Structures are given as structure tokens and as C-alpha cells.
Amino acid sequence: FDEHDPLQFTAGGIADAFDVALRWARRAHETDKAARYFFLIWNCLWRGGASMIHGHLQMLLGRGMHYARVESWRRAALLYRLAHGANYFDDLVAAHTALGLAQPAGGCHVLAHLTPIQDKEMLVVGERPDAGFCDAVYLALNTLVRRLGSQSFTLAFYWRPIDAVTEDWTGFPAVVRVVDRGDPYSRTSDMGGMELFGTSVVASDPFRVAAALRRPAPKMP
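As a starting point, this report considers the structure included with it.

Rules used throughout
Residues numbered from 1 in each chain as written. Predicted model: local features only at pLDDT ≥ 70, side-chain atom pairs only at ≥ 80, totals over all residues. Heavy atoms only, no water. Buried < 20%, exposed > 50% of the residue type's maximum accessible area, 1.4 Å probe, protein only. Helix = DSSP H or I, 4+ residues; strand = E, 2+ residues; numbered from the N terminus. Arc of directions from axis to C-beta. Polar contact = N/O pair within 3.5 Å; in protein donor to acceptor, adjacent residues only side chain to side chain. Patch = residues over 30% accessible without salt bridge, like charges linked within 9 Å, V, L, I, M, F, W, Y side chains within 5 Å. Areas by Shrake-Rupley, 256 points an atom, 1.4 Å probe, with all protein chains shown as cover. Salt bridge = Lys/Arg side-chain N within 4 Å of Asp/Glu carboxyl O. Lys, Arg positive; Asp, Glu negative; His and termini not counted. Charge placed at Lys NZ, Arg CZ, Asp CG, Glu CD. Axes fitted to C-alpha atoms, helices over the stretch in contact; angles between N-to-C directions. Parallel < 35°, antiparallel > 145°, perpendicular 65-115°, else oblique. Left-handed = near helix turned anticlockwise from the far one by under 90°. Contact = heavy atoms within 4.5 Å. Nonpolar A, V, L, I, M, F, W, Y, C, P; charged D, E, K, R; others polar.

## Observations concerning helix 6 (residues 206-214)
Alright, step 1. Listed in full, the buried residues belonging to helix 6 are P206, V209, A210, A212 and L213. Angularly, the buried residues of helix 6 cover 160° about the axis, an arc narrow enough to put them on a single face.
Alright, step 2. Measuring from the backbone nitrogen of F207 back to the side-chain oxygen at the start of helix 6 gives 2.9 Å, which picks out D205 as the cap.

## Some remarks on a negative patch on the surface
Alright, step 1. Among the surface-exposed residues, D2, E3, D5 and D16 lie close enough to one another that they form a single negatively charged patch.
Alright, step 2. Among the structural elements, D2 can be located in the segment before helix 1 (11-31).
Alright, step 3. The exposure class of D2 is exposed, given its relative accessible area of 86%.

## Description of the packing of helix 1 against helix 4 (residues 131-147)
To describe two helices that pack against each other, one gives the angle between their axes and the distance between the axes.
Alright, step 1. Two elements in contact, helix 1 and helix 4, have axes whose closest approach is 9 Å; the angle formed by their N-to-C orientations is 125°. Comparing the axis directions of helix 1 and helix 4 gives the class oblique. The way helix 1 lies across helix 4 gives a crossing that is right-handed. Each of A11, I14, A15 and F18 in helix 1 lies in contact with helix 4, whose residues at this interface are F133, C134, D135, V137, Y138 and L141.
Alright, step 2. Its residues assigned to classes, the contact of helix 1 with helix 4 comprises nine nonpolar, no polar and one charged.

## A closer look at unusual backbone geometry
Alright, step 1. Located in the positive-phi region is L45, a residue other than glycine, with phi close to 65°.
Alright, step 2. Tracing the sequence through the fold places L45 in the loop between strand 1 (35-43) and strand 2 (57-63).
Alright, step 3. Assessed through its relative accessible area of 11%, L45 is described here as buried.
Alright, step 4. Positive phi is not limited to glycine here, since K120 has a value of about 60°.

Such coordinate-based values are descriptive only and should not be taken to indicate function.
Dropping the structure here:
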């Protein structure tokens, strides 16, 4: 980003970063037609796995199969559709809406995840990474930093392949996942044996996250 401070992101800066990343992916695909699986990550500060202090996104374009967690979700959604005759992601949004854990934004939904992988996880679910989607991503990040006090976070963007593939991606939306990574000055890791080999250990309440999403957060400079 042009701004050195990694916590001084803007809605316009996020939209620009997503646009540049996707244009890079399409240019890379023109060079290597087998590379179709786009993945984007944003690690904020050292607790979030960042190698640099300033804000920066990293984008990847894979071959053969999507990155493992994205592919796992695709398969789970496919099995859900075969078993229940419904779109998994539509039902995910509906369930969170029914519980008061969903906030509409930019034609998308920001969900305070009921089963988070890490503290304060939010999902942004939309059809495609357009301007409205980026506005919803900004809402999630602005809430995380300005309302919930996060100083370090990790974000990932899941999307279907950018060109035709053999596997079934029907109904797979654009999804951003973002989690708090804890106090950047703490010497205790936010991951241990349980998280690596057992299950997620989560101390945050998704209903508090949802309440923060509903409150108007101050805009970043």
C-alpha cells in the first residue's frame, strides 16, 4: 500500500489492491494457461505472519487444484448440495442472518462467524470481488481494528478459478475470511498444539463481533 502504517487502510485502497491483484492474476494466466487458481492473503504485522511492517497483500496463482482449504470447502459445499439440494453458502448466510450474526453491506453479507477458526473471525460473502464486495471487506476490517481493538490480523480471499476447470464450482461465491491475531507485543503465540492438531481454541464471542458490526465505526483517515 502507499500508506506505510498497516492499520491506516481505506476502502479505496482495498478496492485498488484487489483490482491490481486480479489484473495480475489474469495476466499471469495469459502466460501460463494451466495456472487458474487465484488466492490472496494479507498478513498484518508480525503476529499475523507479516514479513514487513507496512501493509502488503500477496497473491498466488496455482495449477492443478485450488489451495487445500479452499478445495476442502468446495468439496464440502458440493456434498451439501447433493445431500440437501441447497447451496451451502446461501444456507450459511441464512443461518447467520437468523441468529443476528449477519450484516448486509455493499450487496454482500458480513458474517460474525459462528464457528470461527480463530478469534473474532468474520466472513464476507458476495457474488464477485466488485466495489460493493470491497466495501464489505472494509467494513469487516474497520470493525475489527476500530471497534474490536485488533492491531494484527490475517485475511484470505477465496474464489472460484479464473478460467474453466473440470471440477464443479457451481454456487461458490467470493469469500473473505479475516481473524484477529492478538496483541502484537505478546510473547505468547495464538497457536499451539490444540490448534495445530486438535481443534480451534476461540475466546471471542461472535455475538459481540456482530454487535460491533452493527455500530457505525469511525472512518479511518
